[in-house]
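Descriptive structure summary
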Amino acid sequence: MAGNGRTVRDLRRANRTVVLQRLYFDGPLSRFELGPATGLSSGSVSNVVADLIADGLVEEAGSVDSDGGRPRTLLRVAPASGHMIGVDVGETRVRVELFDLALTELARTERPLEQQRYEVEVIVDHIRSGIDEVLAAADLAPERLLGVGIGVPGIVELTADRGAVVHGQTIGWDAVPLESLLRDGSPLPDGVPYFIDNGARTLGQAEMWFGAGRGAGNALVVLFGSGVGACLVTPEVRHGRAVEWGHLTVRVRGRRCRCGALGCLEAYAGAESLLARWREEGGRVPEDTDEETALTTMLAAAYPADGAEPDPVALAVLEETAEYLGAGLSDLINLFQPERILMGGWAGLQLGSRFLPAVRRHALSYALRHPAERVTIELGRLGPDAVTVGAAILPLADFFDRGGRRPAPDPAAPAPAWHTALRDRVPR
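Residues numbered from 1 in each chain as written. Predicted model: local features only at pLDDT ≥ 70, side-chain atom pairs only at ≥ 80, totals over all residues. Heavy atoms only, no water.

**Considering the packing of helix α1 (residues 8–26) against helix α13 (residues 386–401)**
One can describe the packing of α1 onto α13 by two numbers: an axis separation of 8 Å at closest approach and a directional angle of 135 degrees. When the interaxial angle is binned, α1 and α13 end up oblique. Of the residues in α13, those touching α1 at Arg13, Thr17, Leu20, Gln21 and Tyr24 are Leu396, Phe400 and Asp401. Partitioning the contact of α1 with α13 into residue classes produces 4 nonpolar, 2 polar and 2 charged. (Axes fitted to C-alpha atoms, helices over the stretch in contact; angles between N-to-C directions. Helix = DSSP H or I, 4+ residues; strand = E, 2+ residues; numbered from the N terminus. Parallel < 35°, antiparallel > 145°, perpendicular 65-115°, else oblique. Contact = heavy atoms within 4.5 Å. Nonpolar A, V, L, I, M, F, W, Y, C, P; charged D, E, K, R; others polar.)

Structure follows, in structure tokens:
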């Protein structure tokens, strides 16, 4: 038994975790460099590296000259030593992607959602069939998966008896036991875990690990799609916390939100409400078109590429939406005083650099001066795949937390504490 109640096994796992993390985020590194990077002794580094190489998790990646000595061998995490699936239950489609350990995409598939219909059975079938398809495309055995991460709209509750339960009021999901439904008749072995979380949080996790949030200790990542959501990352909640930002009341007795309440930010700032307000003002949107195509039509009207006169109604609705978004961001700035705010989501990416300056201007004008002077507001860098990348990070973080050990194939075992696994995994 080691000090503080930790066993030798606990210490070994912790040492493997820290070495894997540093190689993953900062590698390739030599054994000599791993010492100061991890705080471990040279003997401990040698032992851990030998174990990881024997397990096939670490491999050599060339060498570099040393000062007057033999060249030092560089080490890296072996990309083929693990695989994860990321799933984005989005607003217009279900996207499923297969990644190797380096988060290189190996296969993908998409299942369109008809008129944003979120029937539980349909979503479950899309996820199951999507998993089958990407595994077959990559010729990968299901047993080789570290897990399946899934980003969903709504609040996710982890329960002891039913696993992850989704409360998605805006999509008509009332305590849906999604994990249990996926496990029943699952194409995956019992030893392959599911990790389910809010889509804004998976987006935030991806941007913090690999995107525009890297290096920030206090950030907000905003998902702007049909509705709006946010993920807060601070030193106290390094793993990120989903914030139901879209359902702050911005106007008493205002427009009805799709959650049923009146005056929510989402009733004014989401793409769904933006397009609805344009239609109400006479905007011409093709019938039976999806939201992404409709928003493209609106943007073309507001910002014509051929030098034609812009549609003043489309411009006015976009400006009003930018002001509502900016006002909503000012609340986040005042409450949390973040270093950075990053905007992602399919609608945020479509609106992009034309829209962001107006959002930024309104946010800074509504916020208190001191926190407003310290924050930057920019677009996320990971594009439309950010939610699936973030979802795949969930099993990856759990794998790190286990020191690179796969979960035991025991369906009765307690659910992995992957919220804790994410806590201190933000790269330096």
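From this point, the discussion proceeds with the structure in view.
**Focus on the nonpolar core**
Core analysis: the largest hydrophobic core is formed by 48 residues, its most contacted members being Trp245, Leu329 and Phe355. The element best represented in this core is helix α10 (residues 312–336), accounting for 9 residues. Excluding anything up to four places from it in sequence, tryptophan 245 contacts Val222, Val228, Gly229, Ala230, Leu265, Leu325, Gly328, Leu329 and Leu332. (Core = buried A, V, L, I, M, F, W, Y, C linked by side-chain atoms within 4.5 Å. Buried < 20%, exposed > 50% of the residue type's maximum accessible area, 1.4 Å probe, protein only.)

**Here we look at the environment of leucine 146**
Checked against the element boundaries, leucine 146 lands in strand β7 (residues 145–152). Sequence spacing of leucine 146 and glutamate 319 is 173 residues, and the spatial spacing of their C-alpha atoms is 45 Å. If we ignore the near neighbours within four places in the chain, the residues touching leucine 146 are Gly82, His83, Met84, Leu101, Pro193, Phe195, Pro395, Phe399 and Arg406.

**Describing unusual backbone geometry**
Each neighbour pair has its own omega, and for glycine 27 with proline 28 the value is 5 degrees, a cis peptide bond. In this model, alanine 175 sits at a positive phi of 55 degrees, which is unusual for a non-glycine residue. The residue glutamine 337 is not glycine, and still its phi comes out positive at about 45 degrees. Here glutamine 337 is to be found in the loop between α10 and β15 (340–344).

**Points about the pairing of strand β12 (residues 219–224)**
Among the 6 residues of β12, 6 are classified as buried, and the element is accordingly described as predominantly covered. Inspection of the sheet shows β12 paired to strand β13 (residues 228–233) by 6 bridges, in the antiparallel sense. Each residue of the ladder has a partner; that of valine 221, found in β13, is cysteine 231. The turn linking β12 back onto β13 is made up of 3 residues. Strand direction decides the pairing type here: β12 and β15, joined by 5 bridges, are parallel. Paired with leucine 220 across the bridge in β15 is isoleucine 341. (Pairing = 2+ DSSP bridges.)

**Some details on α10**
An α-helix turns once per 3.6 residues; consequently, residues spaced three or four apart project the same way. Relative to the 36 Å expected for 25 residues at 1.5 Å per residue, α10 spans 36 Å between its end C-alpha atoms, a close match to the ideal helical length. Among the residues of α10, the N-terminal cap falls to aspartate 311, whose side-chain oxygen and the backbone nitrogen of valine 313 are separated by 2.9 Å. Just downstream of α10, glutamine 337 is the residue with a positive phi angle, here 45 degrees. (Expected span 1.5 Å × (residues − 1). Polar contact = N/O pair within 3.5 Å; in protein donor to acceptor, adjacent residues only side chain to side chain.)

**Here we look at the sheet that holds strand β9 (residues 163–168)**
Pairing within the open sheet is antiparallel, and its 3 strands lie in the order β8-β9-β10. Of all strands in the sheet, those with a lone pairing partner are β8 (155–159) and β10 (173–176), marking the two edges. Averaged over all pairs of adjacent strands, the angle between their axes in this sheet comes to 20 degrees, without regard to strand direction. Note: β9 against β10, 2 bridges, orientation antiparallel. Pairing of valine 166 across the sheet is with valine 176, part of β10.

**With respect to the confidence of the model for the chain**
Model confidence for the chain is summarised by a mean pLDDT of 86, while 91% of its residues fall at 70 or above. Segment residues 410–428 is flagged for pLDDT under 50; beyond a separation of four residues in sequence, or across chains, it makes 50 contacts in the model. (pLDDT = per-residue confidence, 0-100.)

**Observations regarding the pattern of salt bridges**
Under the definition given, this model contains 23 salt bridges. Note that glutamate 105 and arginine 108 form a salt bridge whose closest N and O atoms lie 3.1 Å from each other. Arginine 108 is paired through a salt bridge with glutamate 110; the nearest N and O atoms lie 3.5 Å apart. Taking relative accessible area as the criterion, arginine 108 reaches 33% and is therefore assigned partly exposed. Here the residues in one salt-bridge network are Arg93, Arg95, Glu97, Glu105, Arg108, Glu110, Glu292 and Asp385, joined through shared partners. (Salt bridge = Lys/Arg side-chain N within 4 Å of Asp/Glu carboxyl O.)

**Some thoughts on the environment of arginine 402**
Relative to the assigned elements, arginine 402 resides in the loop between α13 and α14 (418–423). Between the alpha carbons of arginine 402 and glycine 154 there is a distance of 28 Å; along the sequence they are 248 residues apart.

**Re the pairing of β7**
Buried residues dominate β7, accounting for 8 of its 8 residues. Pairing between strand β4 (residues 83–89) and β7: 6 bridges, direction parallel. Counted as the bridge partner of methionine 84 is glycine 147 from β7. Bridge count between β7 and strand β11 (residues 194–198): 5 bridges; the pairing is parallel. Directly across from valine 152, in β11, lies its bridge partner asparagine 198.

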